[in-house]
Amino acid sequence: MMHSTRRGFLRTTAAATAVGVVGLPHIARAAAPRFVIVGGGPGGATAAKYLKRYAPAAEVTLIEANPTYTTCFMSNEVLGGLRDFSTIQVGYDGLSGHGITVIHDLVTAIDPEGKTVTTQGGESVAFDRCIVAPGIDFKYDAVEGYSAEAAEIMPHAWKAGPQTTLLRSQLEAMEDGGTVIVAPPDNPFRCPPGPYERISLIANYLKQHKPKSKVLVLDAKDKFSKMPLFTQAWEMFYGYGTDNSLIEWVSKSDGGTVTGVNTETMEVTTAGAGTFKGDVVNLIPPQSAGAIARSTGLLEGGDWAPVNKGTFESLAVPGIHVLGDASIAAAMPKSGASANSQAKATAASALALSMGQEPPMPTLANACYSIGGPEHGFSVAAVYNYDDFENKLVPVEGAGGVSPIDAGADSRRREMFYAHSWFENMKADCWG
Amino acid sequence: MGARQQGTRRWAATLVVAFAATAMPALAQADETEDMTVEVMAGACTYCHGTDGNGIGEAIPSIAGMPEDQFAYMMVTYQDGSNPATVMGRVARGYTEDQIQALAAYFGGKPFERPPQPWIDESVVAEGKELAAEYCESCHENEGRDGEGVGILAGQKLQYMRFSVADFLSEAREMERRQARKFRELMDDHGEEGFEKILNYYASVQ
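Cut-offs used in this document
- Residues numbered from 1 in each chain as written.
- Chains lettered and ligands numbered in written order.
- Predicted model: local features only at pLDDT ≥ 70, side-chain atom pairs only at ≥ 80, totals over all residues.
- Heavy atoms only, no water.
- Helix = DSSP H or I, 4+ residues; strand = E, 2+ residues; numbered from the N terminus.
- Buried < 20%, exposed > 50% of the residue type's maximum accessible area, 1.4 Å probe, protein only.
- Contact = heavy atoms within 4.5 Å.
- Areas by Shrake-Rupley, 256 points an atom, 1.4 Å probe, with all protein chains shown as cover.
- Axes fitted to C-alpha atoms, helices over the stretch in contact; angles between N-to-C directions.
- Parallel < 35°, antiparallel > 145°, perpendicular 65-115°, else oblique.
- Left-handed = near helix turned anticlockwise from the far one by under 90°.
- Nonpolar A, V, L, I, M, F, W, Y, C, P; charged D, E, K, R; others polar.
- Salt bridge = Lys/Arg side-chain N within 4 Å of Asp/Glu carboxyl O.
- Domains from an automatic or database assignment.
- Buried area = accessible area lost by both parts, 1.4 Å probe.
- UniProt positions renumbered as here; feature names shortened; annotations may be inferred.
- Expected span 1.5 Å × (residues − 1).
- Pairing = 2+ DSSP bridges.

The helix and strand inventory of chain B stands at ten helices and zero strands. Listing each helix as α and each strand as β along chain B from the N terminus yields α-α-α-α-α-α-α-α-α-α. Going through the 206 residues of chain B one by one, you find that 51% of them count as buried. The long-range share in chain B, meaning contacts at least 24 apart out of those at least 6 apart in sequence, stands at 70%. Of the roughly 9800 Å² of accessible surface on chain B, 52% is carried by carbon and sulfur atoms.

On to the packing of helix α4 (residues 68-80) of chain B against helix α6 (residues 97-108) of chain B. All names here are of chain B. At a minimum axis distance of 8 Å, the contact between α4 and α6 shows a crossing angle of 140°. Classified by the angle between their axes, α4 and α6 sit oblique to one another. In this structure, α4 meets α6 at a crossing whose hand is right-handed. Counted together, Glu68, Phe71, Ala72, Met75 and Gln79 of α4 and Ile100, Gln101, Leu103, Ala104, Ala105 and Phe107 of α6 form the full contact between these two elements. Its residues placed into classes, the contact of α4 with α6 shows eight nonpolar, two polar and one charged.

Another aspect to go through is the pattern of salt bridges. The full count for this structure, using the stated rule, is 24 salt bridges over all chains. Arg168(A) serves as the salt-bridge partner of Glu172(A), at 3.5 Å between the closest nitrogen and oxygen. Of this pair, Glu172(A) and Arg168(A) both sit in helix α5 (residues 162-173), separated by four residues, roughly a single helical turn. Given the relative accessible area of 45%, Glu172(A) is considered partly exposed. What you see here is one network of salt bridges that share partners, running through Arg53(A), Asp52(B) and Lys110(B).

Let's shift gears to the domain arrangement of chain A. Residue and element names in this part refer to chain A. Once the domains are mapped, chain A shows domain 1 (4-65 + 105-137 + 288-359) and domain 2 (142-285). Inter-centroid distance (C-alpha atoms) of domain 1 to domain 2 is 36 Å. Overall, the association of domain 1 and domain 2 removes approximately 550 Å² of surface from exposure, summing both partners, and the carbon and sulfur fraction of that is 59%. Looking only at domain 1, the three residues that lose the most surface to domain 2 are Ile136, Trp304 and Lys334, adding up to 71% of its buried area. Taken together, the connections running from domain 1 to domain 2 amount to two salt bridges.

What follows concerns the UniProt feature "domain: Flavocytochrome c sulphide dehydrogenase flavin-binding" (unreviewed entry) in chain A. UniProt tags residues 360-431 of chain A as "domain: Flavocytochrome c sulphide dehydrogenase flavin-binding" (unreviewed entry). End-to-end, the C-alpha atoms of residues 360-431 of chain A are 24 Å apart, and along that stretch the chain is 32% helix and 40% strand.

Let us now look at helix α2 (residues 42-54) of chain A. Every α-helix winds through 3.6 residues per turn, so residues three or four apart in the chain are directed the same way. Residues and elements named next belong to chain A. Between its first and last C-alpha, α2 extends 18 Å over 13 residues, near the 18 Å set by a 1.5 Å rise per residue. Counted residue by residue, α2 has twelve buried out of 13 residues, so it is predominantly covered. All buried positions along α2 are accounted for by Pro42, Gly43, Gly44, Ala45, Thr46, Ala47, Ala48, Lys49, Tyr50, Leu51, Lys52 and Tyr54.

Moving on: the pairing of strand β20 (residues 363-373) of chain A. Residues and elements named next belong to chain A. Of all the eleven residues making up β20, eleven are buried; the element is thus mostly covered by neighbouring parts of the structure. Pairing geometry for β20 and strand β21 (residues 376-387), over ten bridges, is antiparallel. Each bridged residue has a counterpart across the sheet, and for asparagine 366 the counterpart in β21 is alanine 382.

On to the pairing of β21(A), then. All names here are of chain A. Of all twelve residues in β21, ten are buried; the element is thus mostly enclosed. Count of turn residues in the β20/β21 antiparallel hairpin: two residues, of which glutamate 375 carries a positive phi of about 50°. As paired elements, β21 and strand β23 (residues 401-402) share two bridges and run antiparallel to each other. Note that in β23 the partner of valine 380 across the bridge is valine 402. Across four bridges, β21 lies against strand β22 (residues 392-395) in antiparallel orientation. Directly across from tyrosine 384, in β22, lies its bridge partner proline 395.

Positionally, His376(A) belongs in strand β21. The residues contacting His376(A), other than those within four sequence positions of it, are Ala233(A), Met236(A), Phe237(A), Ser370(A), Ile371(A), Arg412(A) and Met416(A).

Here we take up the sheet that holds strand β14 (residues 258-262) of chain A. Sheet strands line up and pair through hydrogen bonds in the backbone, either parallel or antiparallel. Residue and element names in this part refer to chain A. Pairing is antiparallel in the open sheet, where three strands are placed in the order β14-β15-β16. Of all the strands in the sheet, just β14 and β16 (275-277) have a single pairing partner and so form its edges. Looking at each pair of strands side by side, their axes are set apart by 20° on average, direction ignored. Direction of pairing for β14 relative to strand β15 (residues 267-270): antiparallel, over a ladder of four bridges. Looking at the pairing, asparagine 262 lines up with glutamate 267 of β15.

Take a look at the structure:
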C-alpha cells in the first residue's frame, strides 16, 4: 500500500506545477489553500488559529456544533466546588476575529474524494486539506445497563458541560453519610490522571461539607497516572489507608472493573468485588474517537485513528489529518496540552503539504497539572521528537517525568499556582 | 502499522529536494522548513507561557522579548538543576543547545506585552517605586524594562517574581555578588515587606 503522505505529496506537487506556481513558498502567489477543521475543542481550535497565523492568506473554516465549548481541564475544580462553571466556558469570537470562518453546525459527512465537508444544516464546504479533531465518543455498550439515557442518572461528566453541572448538583444534593462511586475506565482514555484528580477534589468537598461520606473507586486498572503522587495526597488530606479514609480504591486485581449498572436501584456491579449501591454514581465508560472519525473511515476498524505521527495525516485516508484524543499518538497522553502541541505540527504540516513542500520535523511536548487538595498541585511533562523511520514520537531521554515525590509543600503550592496559570494561558492560546 | 510507515518520510524529503532543484529556489524552501520547525517547537512552550510567550495567568512568567542570553542561561541552569524549578527542569532537559538557541531567538523577537494584573496591590506601588529606584534600578534599568544580563521585571507576573525572590533569599538560586548585597541591604532596611512593595510596583509597570 502506498503511504498517504507520499501520495498526498505527489498530488499536491503536481497541482502546484500544473498551475505554474513558481517561487513557492510565498503563499500569496499561489491560490490560497483551503482548510476545514472539524471540531472546536483544544485541538481543532488551536489548529485553526495557528493555520491562520502561519498563513494569513489561507482560507480557514472551523465547524463546531456548539456555540460554547466547556473545557474538561479544571472541570474537576467545578465538581469540587472550588471554581465557577462559567470559567471553564469559552466562545469562538477570538477565532472569528482572526479571520477564521466559524460555522456552528454538526458535520455529518466528510468526502475525501470530492474534498467537501457537509453539515446537518445543509452547508457544503470545500477543502484542500481537512483536519479532524472530534475528541471522544463513549462505548456505552461496554457496561451493561449504561447508555446515553443512563448517563442522565449516573453521569460520566467526561465531556464537560451539562454533565458537569449534573454531577455537581448530585454531589450538592447528597446527604452526609452517602457514598459516591467513581468508576474509571481501562487505558487508553481521555486525560489519564483526570479520574484521580476528580476523586481527590470530590473527597476534598466531602471532607469540608459531608465528612461522614466517602468516595468508592471501582477501577478497571491496577495502576494509574501519577499514582504515587495521588496516593500521597490522599494520605495527606483524606486519611487514605486508615479506617477513616474518605477514599476507598478497589483495583482491577481486586475485581473492581465495572461490568454493569442499574439506574433504578443505583447499583453498580463489578467483575469480582460484588455489587455496590451508590448515592451518586460517576461512571466513566470506555471511549473511542468521535463518531465522524469512524464514519469517514479513519479508524481502520479500531477505536482510534492511526496517523503519521509527524504530520498527523491519516494513514487510512490521504489528505485528512486527525489529531488530539481521536488519534493514536502512542507515547503522548490524550490531554488538552498534547492536542494543542499536535495542532501546531498539524497546521504546519497541512500547510506545507498543501503547497507541495516538505513538512517540518516536529518537536512536541505535553505538560499537565493535577490538583490533589488545598494548595496542592503536581505535574507530568515530556518532550517528544518524531522518529520518521519508525513513525514514533519518542520522549527525550533524561527529560520529562512527574513531580518528585519528596518535593515538599512549597513546591506543591507553586504547582497549584502554575496549574491555574496554565489553564488561563491554555484557554487563550487555543481560543483567544 | 509501523512497518508500512518506515522510511517514507525520507523518501518524501528526497522528492522535495529534487523538485526544489528544478522548480523553486532550494534555499527558500530550506529556510521555510527550518522556520516552521522552530514555530512548531515554540508552540510546545506557549500553551503554558501564552501565545508568543505572553501569558495572562498570575504565576507562569511571560518569556516574550527575553534577552537571548538570559533565555539560554535560564534553560541551561534548569537543565543542570542549579536553578530551582517545579516543572522547568524536566522540560528544559528535553532540548539541545541548538534548540535552546533557536527558541531564545524566537521568543527574543516577540514584543513583551503587559496585560493588566488585577491581583496587584495598588496601595504599595508608589512606595515600591521609590524602593526600586534605590535598590534595583542600577541593574534593572528603565523601570525594569531592560538591563545587562537581567530578565524583564516591568509587567512580569507578580506571583512568579515572588517565587524567584524566595528562591534567591533561601539561597536555592545563586545570586551575583552585587545582587546579593542589594538583597541583604533591602532586607535589613525594609524586611520582606520591602520586597513585596517592589514586586507589586514592577508588576504594575506598563
